[in-house]
Amino acid sequence: MLTFSYDTIDSTSDQAKQLVAENPGQIILVTSDRQTAGRGRSGRVWRSPAGGAWFSMAWPMRVEPQRYNSVPLLAGKAVLDSVKAILGPAARVQIKWPNDVLVEDKKVAGVLCERVLGGRAGARGLPATLVVGVGINTNFNSDRLGDDLRRSAGTLSEFTGGCVDVTDLIRGCAARIERLITRLELERSEMGSAFFARLETNLAWVGHAVSLHVGDRVVTGLCVGLDGAGRLRLEVSGREEVFDAGEVSHVRTMSAMIHQQLAR
Ligand code: BTN
(Lines give C-alpha, C1' and ligand atoms only; values in the text may rest on other atoms or scores of the structure.)
Protein backbone atom coordinates (compact mmCIF):
# COMPACT_ATOMS: atom_id res chain seq x y z
CA MET A 1 0.00 0.00 0.00
CA LEU A 2 1.41 3.41 -0.96
CA THR A 3 0.89 6.03 1.74
CA PHE A 4 0.76 9.82 1.28
CA SER A 5 0.41 12.02 4.37
CA TYR A 6 -0.32 15.76 4.45
CA ASP A 7 -0.77 18.46 7.09
CA THR A 8 -3.56 20.20 5.23
CA ILE A 9 -5.34 19.25 2.05
CA ASP A 10 -8.72 19.98 0.47
CA SER A 11 -10.04 16.41 0.65
CA THR A 12 -8.13 13.15 1.04
CA SER A 13 -10.63 11.49 -1.32
CA ASP A 14 -10.03 14.07 -4.06
CA GLN A 15 -6.29 13.74 -3.57
CA ALA A 16 -6.54 9.93 -3.74
CA LYS A 17 -8.36 10.22 -7.08
CA GLN A 18 -5.53 12.34 -8.46
CA LEU A 19 -2.86 9.97 -7.18
CA VAL A 20 -4.58 7.01 -8.87
CA ALA A 21 -3.67 8.36 -12.28
CA GLU A 22 0.01 8.61 -11.31
CA ASN A 23 0.09 5.21 -9.56
CA PRO A 24 -2.08 2.87 -11.63
CA GLY A 25 -3.07 -0.44 -10.10
CA GLN A 26 -1.78 0.45 -6.61
CA ILE A 27 -3.66 0.52 -3.34
CA ILE A 28 -3.18 4.06 -2.06
CA LEU A 29 -3.72 5.49 1.42
CA VAL A 30 -4.02 9.28 1.79
CA THR A 31 -4.15 10.92 5.23
CA SER A 32 -4.29 14.54 6.30
CA ASP A 33 -4.29 16.27 9.69
CA ARG A 34 -7.02 18.60 8.47
CA GLN A 35 -9.13 19.06 5.35
CA THR A 36 -10.28 22.40 3.95
CA ALA A 37 -13.01 20.93 1.72
CA GLY A 38 -13.95 17.61 3.33
CA ARG A 39 -16.97 16.02 1.70
CA GLY A 40 -19.69 13.91 3.29
CA ARG A 41 -22.44 11.80 1.73
CA SER A 42 -25.33 13.41 -0.17
CA GLY A 43 -23.18 16.47 -1.02
CA ARG A 44 -22.81 17.52 2.60
CA VAL A 45 -19.77 19.34 3.95
CA TRP A 46 -17.60 17.25 6.31
CA ARG A 47 -15.94 19.50 8.86
CA SER A 48 -12.39 18.33 9.36
CA PRO A 49 -10.40 20.28 11.98
CA ALA A 50 -6.95 19.19 13.15
CA GLY A 51 -7.09 16.21 15.48
CA GLY A 52 -9.34 14.01 13.36
CA ALA A 53 -8.61 10.74 11.60
CA TRP A 54 -9.26 11.80 7.99
CA PHE A 55 -8.15 9.31 5.37
CA SER A 56 -9.03 7.74 2.03
CA MET A 57 -8.04 4.47 0.41
CA ALA A 58 -7.99 4.09 -3.36
CA TRP A 59 -8.58 0.49 -4.33
CA PRO A 60 -8.24 -0.78 -7.91
CA MET A 61 -11.15 -3.10 -8.66
CA ARG A 62 -9.59 -6.45 -9.52
CA VAL A 63 -12.78 -8.54 -9.82
CA GLU A 64 -16.25 -7.83 -11.25
CA PRO A 65 -17.52 -4.40 -10.09
CA GLN A 66 -20.75 -5.83 -8.55
CA ARG A 67 -18.63 -7.76 -6.06
CA TYR A 68 -17.73 -4.45 -4.42
CA ASN A 69 -21.35 -3.44 -3.70
CA SER A 70 -21.01 -4.26 -0.03
CA VAL A 71 -17.78 -2.26 0.49
CA PRO A 72 -19.66 0.65 2.13
CA LEU A 73 -20.94 -1.76 4.80
CA LEU A 74 -17.57 -3.48 5.18
CA ALA A 75 -15.86 -0.14 5.67
CA GLY A 76 -18.48 0.75 8.30
CA LYS A 77 -17.74 -2.54 10.09
CA ALA A 78 -13.99 -1.80 9.98
CA VAL A 79 -14.58 1.63 11.53
CA LEU A 80 -16.96 0.15 14.12
CA ASP A 81 -14.33 -2.41 15.20
CA SER A 82 -11.60 0.26 15.33
CA VAL A 83 -13.75 2.51 17.53
CA LYS A 84 -14.71 -0.44 19.77
CA ALA A 85 -11.04 -1.35 20.15
CA ILE A 86 -10.39 2.13 21.54
CA LEU A 87 -13.47 2.56 23.72
CA GLY A 88 -13.65 -0.98 25.10
CA PRO A 89 -16.63 -3.28 25.64
CA ALA A 90 -18.52 -1.00 28.02
CA ALA A 91 -19.22 1.69 25.42
CA ARG A 92 -22.37 1.45 23.27
CA VAL A 93 -20.88 1.57 19.75
CA GLN A 94 -23.31 1.00 16.88
CA ILE A 95 -23.71 1.26 13.12
CA LYS A 96 -26.29 3.64 11.76
CA TRP A 97 -27.00 1.89 8.47
CA PRO A 98 -25.24 1.80 6.16
CA ASN A 99 -21.97 3.00 7.72
CA ASP A 100 -22.12 5.82 10.23
CA VAL A 101 -20.65 4.89 13.59
CA LEU A 102 -22.49 6.10 16.69
CA VAL A 103 -21.26 6.11 20.26
CA GLU A 104 -24.06 6.52 22.80
CA ASP A 105 -26.23 7.73 19.87
CA LYS A 106 -23.73 10.43 18.81
CA LYS A 107 -22.17 10.19 15.37
CA VAL A 108 -18.40 9.89 15.66
CA ALA A 109 -17.54 8.62 12.17
CA GLY A 110 -18.78 8.44 8.60
CA VAL A 111 -17.75 6.75 5.36
CA LEU A 112 -18.01 8.03 1.81
CA CYS A 113 -17.46 5.42 -0.94
CA GLU A 114 -17.05 6.59 -4.51
CA ARG A 115 -16.18 4.83 -7.76
CA VAL A 116 -13.75 6.51 -10.11
CA LEU A 117 -14.99 5.87 -13.61
CA GLY A 118 -12.70 4.51 -16.22
CA GLY A 119 -13.45 0.83 -16.30
CA ARG A 120 -11.21 -1.96 -17.42
CA ALA A 121 -11.42 -0.67 -20.97
CA GLY A 122 -11.05 2.94 -19.80
CA ALA A 123 -9.21 5.58 -21.77
CA ARG A 124 -5.79 4.68 -20.37
CA GLY A 125 -6.58 1.05 -19.70
CA LEU A 126 -6.72 1.70 -15.93
CA PRO A 127 -8.99 -0.49 -13.83
CA ALA A 128 -11.93 1.32 -12.23
CA THR A 129 -11.06 2.40 -8.72
CA LEU A 130 -13.00 2.54 -5.51
CA VAL A 131 -12.23 5.42 -3.17
CA VAL A 132 -13.18 4.74 0.44
CA GLY A 133 -13.08 7.96 2.49
CA VAL A 134 -13.26 7.67 6.27
CA GLY A 135 -13.69 10.45 8.80
CA ILE A 136 -13.43 9.71 12.53
CA ASN A 137 -13.90 12.62 14.94
CA THR A 138 -11.03 12.00 17.30
CA ASN A 139 -9.04 14.54 19.36
CA PHE A 140 -11.12 17.72 19.40
CA ASN A 141 -14.22 19.07 21.05
CA SER A 142 -17.47 18.58 19.14
CA ASP A 143 -18.12 22.35 19.51
CA ARG A 144 -15.65 22.64 16.61
CA LEU A 145 -18.22 20.97 14.37
CA GLY A 146 -20.64 23.90 14.58
CA ASP A 147 -24.02 24.56 16.17
CA ASP A 148 -25.94 22.29 13.83
CA LEU A 149 -23.95 19.16 14.77
CA ARG A 150 -23.14 19.87 18.40
CA ARG A 151 -26.03 17.76 19.70
CA SER A 152 -25.84 14.88 17.28
CA ALA A 153 -22.06 14.44 16.91
CA GLY A 154 -19.34 13.35 19.30
CA THR A 155 -15.60 12.76 19.25
CA LEU A 156 -13.57 9.84 20.60
CA SER A 157 -11.62 11.98 23.05
CA GLU A 158 -14.92 13.11 24.60
CA PHE A 159 -15.63 9.46 25.39
CA THR A 160 -12.12 8.40 26.44
CA GLY A 161 -11.39 11.60 28.36
CA GLY A 162 -7.86 11.57 26.86
CA CYS A 163 -5.95 11.74 23.61
CA VAL A 164 -6.24 8.93 21.06
CA ASP A 165 -3.26 7.98 18.86
CA VAL A 166 -4.57 9.05 15.44
CA THR A 167 -1.74 7.39 13.49
CA ASP A 168 -2.47 4.03 15.14
CA LEU A 169 -6.20 4.49 14.62
CA ILE A 170 -5.78 5.15 10.88
CA ARG A 171 -3.28 2.32 10.47
CA GLY A 172 -5.53 -0.18 12.26
CA CYS A 173 -8.66 0.90 10.44
CA ALA A 174 -6.97 0.86 7.00
CA ALA A 175 -5.65 -2.65 7.72
CA ARG A 176 -9.16 -3.82 8.66
CA ILE A 177 -10.60 -2.36 5.45
CA GLU A 178 -7.82 -3.98 3.43
CA ARG A 179 -8.50 -7.39 5.04
CA LEU A 180 -12.24 -7.21 4.43
CA ILE A 181 -12.00 -6.09 0.78
CA THR A 182 -9.37 -8.74 0.05
CA ARG A 183 -11.67 -11.36 1.58
CA LEU A 184 -14.51 -10.08 -0.61
CA GLU A 185 -12.31 -10.41 -3.69
CA LEU A 186 -11.25 -13.95 -2.84
CA GLU A 187 -14.67 -15.32 -1.97
CA ARG A 188 -16.77 -16.49 -4.89
CA SER A 189 -19.99 -14.97 -3.60
CA GLU A 190 -20.64 -11.61 -1.96
CA MET A 191 -19.78 -11.45 1.74
CA GLY A 192 -21.79 -14.24 3.39
CA SER A 193 -24.98 -13.72 5.35
CA ALA A 194 -23.18 -14.73 8.59
CA PHE A 195 -21.13 -11.53 8.27
CA PHE A 196 -24.26 -9.37 8.13
CA ALA A 197 -25.93 -11.35 10.92
CA ARG A 198 -22.95 -10.40 13.13
CA LEU A 199 -23.08 -6.79 11.96
CA GLU A 200 -26.80 -6.71 12.79
CA THR A 201 -26.02 -7.23 16.47
CA ASN A 202 -24.42 -3.76 16.35
CA LEU A 203 -27.13 -2.08 14.28
CA ALA A 204 -28.67 1.04 15.83
CA TRP A 205 -32.42 1.32 16.43
CA VAL A 206 -33.48 -2.28 15.84
CA GLY A 207 -37.06 -2.51 17.14
CA HIS A 208 -37.45 1.27 16.95
CA ALA A 209 -39.35 3.49 14.53
CA VAL A 210 -37.08 4.99 11.87
CA SER A 211 -37.47 7.14 8.78
CA LEU A 212 -35.59 6.29 5.62
CA HIS A 213 -35.03 9.06 3.08
CA VAL A 214 -34.57 7.58 -0.40
CA GLY A 215 -34.38 10.34 -3.00
CA ASP A 216 -37.63 12.31 -2.65
CA ARG A 217 -39.33 9.49 -0.77
CA VAL A 218 -39.54 9.15 3.01
CA VAL A 219 -40.51 5.74 4.38
CA THR A 220 -41.30 5.35 8.05
CA GLY A 221 -41.32 1.92 9.63
CA LEU A 222 -39.99 -0.34 12.32
CA CYS A 223 -36.32 -1.25 11.94
CA VAL A 224 -36.14 -5.06 11.77
CA GLY A 225 -32.46 -5.59 10.90
CA LEU A 226 -30.33 -6.60 7.91
CA ASP A 227 -30.95 -9.24 5.28
CA GLY A 228 -28.31 -11.70 4.03
CA ALA A 229 -26.91 -9.10 1.63
CA GLY A 230 -26.68 -6.29 4.17
CA ARG A 231 -29.84 -4.50 3.01
CA LEU A 232 -31.98 -2.72 5.58
CA ARG A 233 -35.21 -4.48 6.59
CA LEU A 234 -38.09 -2.28 7.68
CA GLU A 235 -41.61 -3.26 8.64
CA VAL A 236 -43.82 -0.75 6.85
CA SER A 237 -47.58 -0.87 7.47
CA GLY A 238 -47.33 -4.46 8.66
CA ARG A 239 -45.24 -5.70 5.69
CA GLU A 240 -41.50 -6.19 5.53
CA GLU A 241 -39.60 -4.23 2.87
CA VAL A 242 -35.87 -4.22 2.12
CA PHE A 243 -33.84 -1.21 1.03
CA ASP A 244 -30.37 -0.97 -0.45
CA ALA A 245 -29.94 2.81 -0.20
CA GLY A 246 -31.09 5.76 1.87
CA GLU A 247 -30.44 7.87 4.94
CA VAL A 248 -31.91 6.55 8.18
CA SER A 249 -33.00 8.66 11.10
CA HIS A 250 -34.47 7.69 14.43
CA VAL A 251 -38.09 8.69 14.93
CA ARG A 252 -38.39 9.77 18.51
CA THR A 253 -41.91 9.49 19.85
CA MET A 254 -43.46 12.57 21.43
CA SER A 255 -43.41 10.95 24.89
CA ALA A 256 -39.69 10.07 24.54
CA MET A 257 -38.90 13.64 23.52
CA ILE A 258 -40.80 15.09 26.49
CA HIS A 259 -39.00 12.62 28.77
CA GLN A 260 -35.61 13.72 27.35
CA GLN A 261 -36.45 17.42 27.78
CA LEU A 262 -37.45 16.83 31.42
CA ALA A 263 -34.28 14.85 32.10
CA ARG A 264 -32.04 17.76 30.97
C1 BTN B 1 -20.56 11.03 5.85
O2 BTN B 1 -20.89 10.54 6.93
O3 BTN B 1 -21.28 11.87 5.29
C4 BTN B 1 -19.27 10.58 5.22
C5 BTN B 1 -18.10 11.41 5.69
C6 BTN B 1 -16.78 11.02 5.06
C7 BTN B 1 -15.68 11.99 5.42
C8 BTN B 1 -14.33 11.52 4.99
S9 BTN B 1 -13.01 12.42 5.75
C10 BTN B 1 -11.86 11.68 4.68
C11 BTN B 1 -12.52 11.62 3.32
N12 BTN B 1 -12.31 12.86 2.61
C13 BTN B 1 -13.45 13.51 2.37
O14 BTN B 1 -13.54 14.60 1.77
N15 BTN B 1 -14.47 12.83 2.88
C16 BTN B 1 -14.04 11.59 3.50
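Parameters and conventions
Residues numbered from 1 in each chain as written. Predicted model: local features only at pLDDT ≥ 70, side-chain atom pairs only at ≥ 80, totals over all residues. Heavy atoms only, no water. Near = heavy atom within 4 Å. Polar contact = N/O pair within 3.5 Å; in protein donor to acceptor, adjacent residues only side chain to side chain. Areas by Shrake-Rupley, 256 points an atom, 1.4 Å probe, with all protein chains shown as cover. Helix = DSSP H or I, 4+ residues; strand = E, 2+ residues; numbered from the N terminus. Nonpolar A, V, L, I, M, F, W, Y, C, P; charged D, E, K, R; others polar. Buried < 20%, exposed > 50% of the residue type's maximum accessible area, 1.4 Å probe, protein only. Arc of directions from axis to C-beta. Contact = heavy atoms within 4.5 Å. Core = buried A, V, L, I, M, F, W, Y, C linked by side-chain atoms within 4.5 Å. Domains from an automatic or database assignment. Buried area = accessible area lost by both parts, 1.4 Å probe. Salt bridge = Lys/Arg side-chain N within 4 Å of Asp/Glu carboxyl O.

### Observations regarding the site of the ligand
Okay, so step 1: The environment of the ligand is made up of 19 residues, and the closest members are Ser 11, Gln 35, Arg 39, Arg 41 and Lys 107.
Okay, so step 2: Note that an oxygen atom of the ligand is positioned 2.8 Å from one of the side-chain N or O atoms of Ser 11.
Okay, so step 3: At 2.7 Å from an oxygen atom of the ligand is found a main-chain nitrogen or oxygen belonging to Arg 41.
Okay, so step 4: Here the ligand, which alone exposes 410 Å², has 99% of that area covered by the protein.
Okay, so step 5: Within the residue set of the shell around the ligand, elements represented by two or more residues are helix H1 (12-22), strand S3 (53-60), strand S6 (106-116) and strand S7 (129-136).
Okay, so step 6: Of the residues forming the shell around the ligand, the biggest block, four residues, is contributed by S6.
Okay, so step 7: A per-class count over the shell around the ligand returns five nonpolar, ten polar and four charged.

### Focus: helix H5 (residues 193-200)
Okay, so step 1: Three or more residues of H5 are buried, namely Phe 195, Phe 196 and Leu 199. Burial along H5 is one-sided: seen end-on, the buried residues are contained in an arc of 90°.
Okay, so step 2: Contacts from the buried residues of H5 go to helix H2 (71-87), strand S4 (93-96), helix H4 (166-186) and strand S9 (217-226).

### Concerning the nonpolar core
Okay, so step 1: Of all hydrophobic cores here, the largest spans 60 residues; its most connected members are Tyr 68, Val 79, Val 83, Val 101, Ile 136, Ile 177 and Leu 232.
Okay, so step 2: Taken domain by domain, the makeup of this core includes at least three residues from each of domain 1 (2-189) and domain 2 (205-263).
Okay, so step 3: Not counting residues up to four positions away in its chain, the partners in contact with Val 83 are Val 93, Val 101, Val 103, Ile 136 and Leu 156.
Okay, so step 4: Counting residues in hydrophobic clusters, the runner-up holds seven residues, among them Ala 16, Val 20, Ile 28 and Val 30.

### Thoughts on the domain arrangement of the protein chain
Okay, so step 1: Assigned domains of the protein chain: these are domain 1 (2-189) and domain 2 (205-263).
Okay, so step 2: Here the C-alpha centre of domain 2 lies 25 Å away from the C-alpha centre of domain 1.
Okay, so step 3: Between domain 1 and domain 2, the contact holds nine residues from the first and 13 residues from the second.
Okay, so step 4: Between domain 1 and domain 2, roughly 810 Å² of surface is buried when both sides are summed, and carbon and sulfur atoms account for 53% of that area.
Okay, so step 5: One can count two salt bridges joining domain 1 with domain 2.
Okay, so step 6: At the boundary of domain 1 and domain 2, one finds four residue pairs in polar contact (both at pLDDT 80 or more).

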